[in-house]
2 protein chains.
Amino acid sequence: MTTYAADPYSAACPSRQLLDRVGDKWTVLVIGTLAGGPRRYGDIARAVEGVSQKMLTQTLRHLERDGLVTRTVHAQVPVRVDYELTELGRDLIAPLGVLHRWARDHIGEIVAARAAYDAREQRG
Amino acid sequence: MTTYAADPYSAACPSRQLLDRVGDKWTVLVIGTLAGGPRRYGDIARAVEGVSQKMLTQTLRHLERDGLVTRTVHAQVPVRVDYELTELGRDLIAPLGVLHRWARDHIGEIVAARAAYDAREQRG
DNA sequence: CAGGATCCGTCTCGATACTG
DNA sequence: CAGTATCGAGACGGATCCTG
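A brief report on the enclosed structure follows. (Residues numbered from 1 in each chain as written. Chains lettered and ligands numbered in written order. Predicted model: local features only at pLDDT ≥ 70, side-chain atom pairs only at ≥ 80, totals over all residues. Heavy atoms only, no water.)

## Focus: the overall build of chain A
Summing up its helical and strand segments, chain A has five helices and three strands in all. When its helices and strands are written in sequence order, chain A yields α-α-β-α-α-β-β-α. Within chain A, the proportion of its 124 residues that are buried is 41%. Intrachain contacts of chain A at a sequence separation of at least 6 include 37% that bridge at least 24 residues. On chain A, roughly 6800 Å² of surface is accessible, and the fraction owed to carbon and sulfur atoms is 52%. (Helix = DSSP H or I, 4+ residues; strand = E, 2+ residues; numbered from the N terminus. Buried < 20%, exposed > 50% of the residue type's maximum accessible area, 1.4 Å probe, protein only. Contact = heavy atoms within 4.5 Å. Areas by Shrake-Rupley, 256 points an atom, 1.4 Å probe, with all protein chains shown as cover.)

As structure tokens, then:
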């Protein structure tokens, strides 16, 4: 059995790897879209406004590789591809929700802090 | 009073802004270092292994701007600068802890999923 | 419909050199 | 000691064109 360092200062640290994934631009949005159930590629593309084909595909591939999402190709014409959160993926929703709620509840303070900081900068 | 969209698909969304900050390479590590109390610049630099001066300074400035960290310059020779988490900053430790524990508990599944995925890729 | 391939600008990050 | 300034490589992300 392999053990993983709890030391966050290592590149191999679980937190580092998760944050690298979660931190990129579209991952969380895609997970959020899939939280409601399976979705087709095109539906996700429309739901996640502003995402390019390239980025959406790349994000989905990463999620699939990490076992957070399953990709199902239906043999139809035209092709239909469904994406769905795995149990692991659904399990991640809760921790992300914690972060989301924190952000929602404290963003006001952060914005205020930024304004104050920038005002101080302005005066030198 | 300003309200902020709960819609994560907006760039102005609190979650987006928080994730942009949390997602970058050094932020979480620096917060982790400061979780134990105030630290001097040099101490942080040594604790967060691999960080460059530039990145550390930039990270600390961002945290300061967001009101998560205070910067205190002591008039001494040589200069001494202490960084300390604000209440808001300390408040963020808990949500990050949730994510950290999730990562620790599930990284094994993710690594296994990656291995399986890559093996499948290999065979074409 | 669901991508794959390619080009290209932007931004991030690290290394290095210098400073009050 | 605690930064600032500058440069260059590479990653990231968007737009466009093409395909089974």
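## So, helix 1 (residues 14-23) of chain B
For helix 1 of chain B, the buried fraction is high: nine of the ten residues fall into the buried class. Among the residues of helix 1 of chain B, those classed as buried are Pro14, Ser15, Arg16, Gln17, Leu18, Leu19, Arg21, Val22 and Gly23 of chain B. Those residues of helix 1 of chain B that are buried are in contact with helix 1 (14-23), helix 2 (27-34) and helix 5 (87-123) of chain A together with helix 2 (27-34), helix 4 (53-65) and helix 5 (87-123) of chain B.

## A word on the relation of the copies chain A and chain B
In summary, the two copies of the chain are related to each other by a rotation about an axis coupled with a shift along it. When chain A is fitted to chain B, the residual RMSD is 0.0 Å, and the transformation amounts to a turn of 180° plus an axial shift of 0.0 Å. The symmetry that links the two subunits is that of a two-fold axis. Considering only C-alpha atoms, the residue of chain A closest to the rotation axis is Gly23 of chain A, which sits at 1.9 Å. In this assembly the copies share their binding face: 100% of the residues contributing to the interface of chain A also contribute to that of chain B. (Least-squares fit on C-alpha atoms with pLDDT ≥ 70 in both.)

## Let's talk about the sheet that holds strand 3 (residues 80-85) of chain B
All names here are of chain B. Ordered in space as 1-3-2, the three strands form an open sheet in which the pairing is antiparallel. Edge strands, defined here as strands with exactly one partner in the open sheet, are strand 1 (39-40) and strand 2 (69-74). Bridge analysis of strand 2 against strand 3 gives six bridges, and the strand direction is antiparallel. Bridging across to strand 3, Val69 finds its partner in Leu85. The strands that helix 2 touches are strand 1, strand 2 and strand 3; relative to strand 3, the one it contacts most, it runs at about 95°. (Pairing = 2+ DSSP bridges. Axes fitted to C-alpha atoms, helices over the stretch in contact; angles between N-to-C directions.)

## Some remarks on the interface of chain A and chain B
At the junction of the two partners, chain A supplies 49 residues and chain B supplies 49 residues. Across the interface of chain A and chain B, roughly 4700 Å² is buried in total on both sides, 65% from carbon and sulfur atoms. At the surface where chain A touches chain B, the tally comes to four salt bridges. Note that Asp118 of chain A and Arg65 of chain B form a salt bridge whose closest N and O atoms lie 2.8 Å from each other. There are 16 residue pairs in polar contact (both at pLDDT 80 or more) connecting chain A and chain B. Broken down by secondary-structure element, the contributors of at least two residues to the side of chain A that touches chain B are helix 1, helix 2, helix 4 (53-65) and helix 5 of chain A. For the side of chain A that touches chain B, the leading source of residues is helix 5 of chain A, giving 21 residues. Within the side of chain A that touches chain B, the residues separate by chemical class into 27 nonpolar, nine polar and 13 charged. (Buried area = accessible area lost by both parts, 1.4 Å probe. Salt bridge = Lys/Arg side-chain N within 4 Å of Asp/Glu carboxyl O. Polar contact = N/O pair within 3.5 Å; in protein donor to acceptor, adjacent residues only side chain to side chain. Nonpolar A, V, L, I, M, F, W, Y, C, P; charged D, E, K, R; others polar.)

## Looking at the nonpolar core
Of all hydrophobic cores here, the largest spans 54 residues; its most connected members are Val30 and Ile44 of chain A together with Val30 and Ile44 of chain B. Leave out the neighbours within four places in its chain, and Val30 of chain A touches Ile44, Val48, Leu56, Thr59, Leu60 and Leu63 of chain A. (Core = buried A, V, L, I, M, F, W, Y, C linked by side-chain atoms within 4.5 Å.)

## Brief notes about the protein's contact with DNA strand C
Near DNA strand C lie 18 residues; those nearest to it are Arg71 and Tyr83 of chain A together with Lys25, Lys54 and Met55 of chain B. Of everything in DNA strand C that lies within 4 Å of the protein, sugar and phosphate atoms constitute 59%. Measuring from a phosphate oxygen of DNA strand C, one finds a side-chain N or O atom of Arg61 of chain A at 3.3 Å. At a separation of 2.2 Å, a base oxygen of DNA strand C approaches a polar side-chain atom of Lys54 of chain B. Mapped by element, the contributors of at least two residues to the surface near DNA strand C are helix 3 (41-47), helix 4 and strand 3 (80-85) of chain A together with helix 4 of chain B. Per-element accounting of the surface near DNA strand C gives the leading share, four residues, to helix 4 of chain A. Residues that form the surface near DNA strand C fall into these classes: eight nonpolar, four polar and six charged. (Near = heavy atom within 4 Å.)

## Here we look at the pattern of salt bridges
Counting across every chain of the model gives 16 salt bridges over all chains. Residue Asp24 of chain A is joined to Arg21 of chain A by a salt bridge in which the shortest nitrogen-to-oxygen separation is 3.8 Å. Residue Arg114 of chain A pairs with Asp66 of chain B through a salt bridge whose shortest N-O separation is 2.6 Å. With Arg114 of chain A in helix 5 and Asp66 of chain B in the loop between helix 4 and strand 2, the pair connects residues from two separate chains. A single burial state applies to Arg114 of chain A and to Asp66 of chain B, both of which are buried.

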